[in-house]
Structure formats: structure tokens, C-alpha cells
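A closer look at the structure
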Amino acid sequence: MRSWRTPRLPEPPGNLPPLRLFDSASGRLQECGTGRHASMYVCGITPYDATHLGHAATYVTFDLIHRYWLASGRIVDYVQNLTDIDDPLLERAFSSGEDWRELAERETELFRSDMQALRILPPRWYVGAVESIPAITATISQLEALGATYRVGQDIYYDTSCDPGFGQLNRLPASQMLVLDRERGGDPDRPGKRNALDPVLWRTGTDEPAWDSPLGPGRPGWHIECAAIATEFLGVPIDVQGGGGDLAFPHHEMSASLAKVSEAEQRFARCYVHVGMVGYQGAKMSKSLGNLVLVKDQVSAGVDPMAVRLALLGQQYRKTWEWSPRLLAQAQRRLTRWRQAFDADAAAPVSDVTSELLDALSTDLDTPAALAAVDRWVDASATGAAVPGAARRLADSVDLLLGVK
Ligand code: 5CA
Ligand code: ZN
């Protein structure tokens, strides 16, 4: 699948401390991506509506990891998927009377232009579910051969009891798993299932799009898509599995379990990274609720996308927070001050601010501390000693590491 353009990146500012991120599975900070190659799988959009600021916050977060690894000299094997066939997409296409493929193509194209406007680096592989159907059915066949699947009617399900480690990523009480599964695309009440939480891998609706396969005609379930794409492109285990916190259960629990069992591995990811939900008007910003602030609307209203990015960076990624126009206004003022300071011929020395920036980012992406360090340098530049070329050097580090030009 075509991704989007990579902006030109400046040179890294020297030796970087190792990146430590909060791992949802262990509940601790872990060093992530310590080898020559660093691998990351991030759950991409379901393209039935435009990119909102919650999506943007999630992809900016993983962009910071991508940039930090690149600046550290790593080869970054980054995969992002695109769920271009699933229930919400088909439901939207059905209710609007549009062809589901056209809807997906249009919204994916919009996503690409939003990502580009926000200076989010493209993944090395941008992979759609539809183009991955052979890989998905091959993974299902592998699970079938291991005895980890069963049929309910013609649909194929995964037997979660085949994984003794199932549930360890989230460690939730059974009652809560059921509630979340029901809310987030599962069918725990369907008769004929071995375990209520077992997810569908291959479904055979009569009036739905279907692909021929050795399993019979059908279409993939959601979790198997990410398990199959991640294993096909990256192998198991990967360094970072990422997405918004709303994906931790059931999606990441299920996809990790499917990948582990099909590959006979102990772990799927060394680190599970989850972004806090961005809210608006008192609820999680979501396509289904419709309380959206869209990236494209901000851009077409003339807002500088770098101000949107700075507003997102103003929040530490793990927090749940509310978008407000006030945050955007603050970010616009900050951007103007930074640009004035970066445009000066001479400015305050940058060695301290550069190490503060690196320390902040390497400590679980503490972006508020990183922005505060640059703010202090801007203040010092307005009053203190002037070093020729300093402003350019810091502008390059801010561009490379924070993605703010
Ligand atoms: N296609 C699946 C993942 S395989 C999916 O969840 N698509 S999505 O379009 O619904 O969401 C795309 C990404 O944005 C996910 O990582 C999701 O967790 C994240 N996301 C959605 N809403 C918000 C929000 N309000 N705040 C932060 N992140 C969000
Ligand atoms: Zn996913």
C-alpha cells in the first residue's frame, strides 16, 4: 500500500541516551529498541471517516519513537496497517450508500495528506488488510494445524484457551474483559463458542464482501489482521506494539496471543505502548460519537499544522486529556516565539537545552519537559550571550526529534 512522503531530516545531534518507554504489560519503564534494527507495529486507522486529533495524537506519539530511533542510528522496521475491510467500514458504506472500497480509498488518501501536513514520517511498510488476505489465511491455517481453531457454522474462531498466557497483557477481571469485548467488536454471547471471548478469525456472511481461500470464501476478523501482518513483515518478537489505550483489550491481547501461538513464541512484543485517549466535550473523541475535531478542518481554516503538532506535544502521551481551542492558541504563541528565536543569527548556547531535550524524550517521551526546555532557551536567547549558528543547530534538533519545523 502506498504511504506518504518523507520530509528531509537533519543530522542527529550526537550520542543519544537509550529510549525508555512505559510497557503496559509489565507496568514499568523498559529500554526499547536496543539492537541495530528496531521494530515497531502500530495499529492504523479504519478508513471510514477523517483523521481527528485523537488519531493524530496517537500517530505523533509513535512518530516520536520512530524519530528517536532514527536519530540514534537505528534501522527502523516500522509497520502500520490499514483496516480497509471491517464491520465499521461496511456499516458506514451501507448507511451512506457508497461503495466500501471507494469510501476506504478516499479516507485513506485524506489520512495520508493529514499525516504529511503534521510531518509524521511514513512507516517503512504501510499494509492494508485486503492486500494481506493471503498472509491472513496462511496464519489461520497455521493455527488450524495447531488445533487452535474451531468452527461455529462456517465461521472460524480462535480458541483462547490454547494460550496459557492469555490475559497477561491486561490482567483484567473476567467480568471486565467481557464488557470490553462486547463494546469493542467482540461477540461473547454467540451460541456455540467454546469460550465467550474467543475472537472470529474468518467470517462468512452471505451479503458481505468475501474472498476465495483454502478456508472457504470469507473475510478476515479484526485481530488476526494485525497478528498476521506483524509476523509477516517483522517476525516475532517485535520491539514495540502500539496504539491508543482503547486497543489494549481486546485487540492487543488477542493479536499478541494469535501471533505468539501461531509462531510458537513466548512473547509478541518486548514493549506494549498505549496512548491516552484524547477527549472533547466531555467524552473520548470518536468517530462513533461524532465529537470530532478534524485535522483537515484545522488545516483548511488556516491553522499552521505545526501549531496542531505542538499542541499535541504539550501533553504527555499516556495521559487522558481534553482538546480545547485554548491549547491551540497557546501552541500558536509558542510556535511564533520559537520561530523568531530560530530565525536569529546568534542565540543562547544550545548544549544544555539539547541534553535536556534528549533526557526528556528518552524518559517515556516527556514532551511537556522537552517543550519547556526549548522555552527556557528561547527566553535566554532574548536576553543572554549570543553564539553564532546556535539557533540553526537547535532548530535542526527540534525538527528531527520533535518533528516541528
Ligand atoms: N484499525 C484499528 C486498529 S487495527 C483502529 O482502531 N482504527 S481506528 O481508526 O479506530 O483508530 C486508529 C488509532 O487511533 C488507534 O490506535 C486508536 O487507538 C487511536 N485512537 C482512536 N481514537 C482516539 C482518541 N480519542 N485518542 C487517542 N487515540 C485514539
Ligand atoms: Zn490493530
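All figures in this text were calculated on a predicted structure; none of them were measured in a lab.

Cut-offs applied
Residues numbered from 1 in each chain as written. Chains lettered and ligands numbered in written order. Predicted model: local features only at pLDDT ≥ 70, side-chain atom pairs only at ≥ 80, totals over all residues. Heavy atoms only, no water. Near = heavy atom within 4 Å. Areas by Shrake-Rupley, 256 points an atom, 1.4 Å probe, with all protein chains shown as cover. 1 Å grid on protein atoms, 1.4 Å probe; cavity = no way out; pocket = protein on both sides within 12 Å on 5 of 7 lines; lining within 4 Å. Sits in = over half its atoms within 2 Å of the grid points. Nonpolar A, V, L, I, M, F, W, Y, C, P; charged D, E, K, R; others polar. Core = buried A, V, L, I, M, F, W, Y, C linked by side-chain atoms within 4.5 Å. Buried < 20%, exposed > 50% of the residue type's maximum accessible area, 1.4 Å probe, protein only. Helix = DSSP H or I, 4+ residues; strand = E, 2+ residues; numbered from the N terminus. Domains from an automatic or database assignment. Contact = heavy atoms within 4.5 Å. Donors = N, O, S within 2.8 Å, 3.2 Å for Na, K, Ca; no water. Points joined across faces, edges and corners; volume = space filled by probe spheres on them.

The local shell around ligand 1 holds 24 residues, among which G44, T46, T58, T83 and D246 are the closest. When ligand 1 is considered free in solution it has 600 Å² of accessible area, and contact with the protein chains removes 94% of it. Structurally, ligand 1 is housed in the largest pocket. Looking at the shell around ligand 1, its residues break down into 9 nonpolar, 12 polar and 3 charged.

This part covers the nonpolar core. Core analysis: the biggest nonpolar cluster contains 79 residues, and L21, W323, W377 and L402 have the highest contact counts within it. Here this core takes 11 residues from helix α1 (residues 53-71), the largest share from any one element. Both domains that meet at this core, namely domain 1 (30-275) and domain 2 (325-402), each give it at least three residues. If near-sequence neighbours (up to four positions away) are discounted, L402 is found in contact with L64, R309, L313, W338, L357, L361, A370, L371 and S397. Formed by 43 residues, the second largest nonpolar core is a distinct cluster that contains Y48, L169, A227 and F268.

Attention now moves to the coordination of the zinc ion (ligand 2). Around the zinc ion (ligand 2), the donor atoms from the protein are C43 (SG), C226 (SG) and H251 (NE2), and they sit 2.1 to 2.3 Å away. Mapping the donors of the zinc ion (ligand 2) onto the primary sequence yields the spacing C-x182-C-x24-H. Of this pair, C43 sits in the loop between β3 (37-42) and α1 while H251 sits in helix α7 (residues 248-263); the two residues are 208 residues apart in sequence, bridging distant segments of the chain. According to the relative accessible area criterion, H251 is buried, its value standing at 1%.

Tallied over the full model, the rule gives 1 cavity of 30 Å³ or more. Taken as a whole, the largest cavity holds about 100 Å³ of empty space. Lining the largest cavity we find 13 residues, and of these A57, T61, L312, Q315 and Y317 sit closest to its centre. Within the residue set of the lining of the largest cavity, elements represented by two or more residues are α1 and α9 (305-313). It is α1 that contributes the most residues to the lining of the largest cavity, 4 residues altogether. Tallied by class, residues from the lining of the largest cavity come to 9 nonpolar, 4 polar and no charged.

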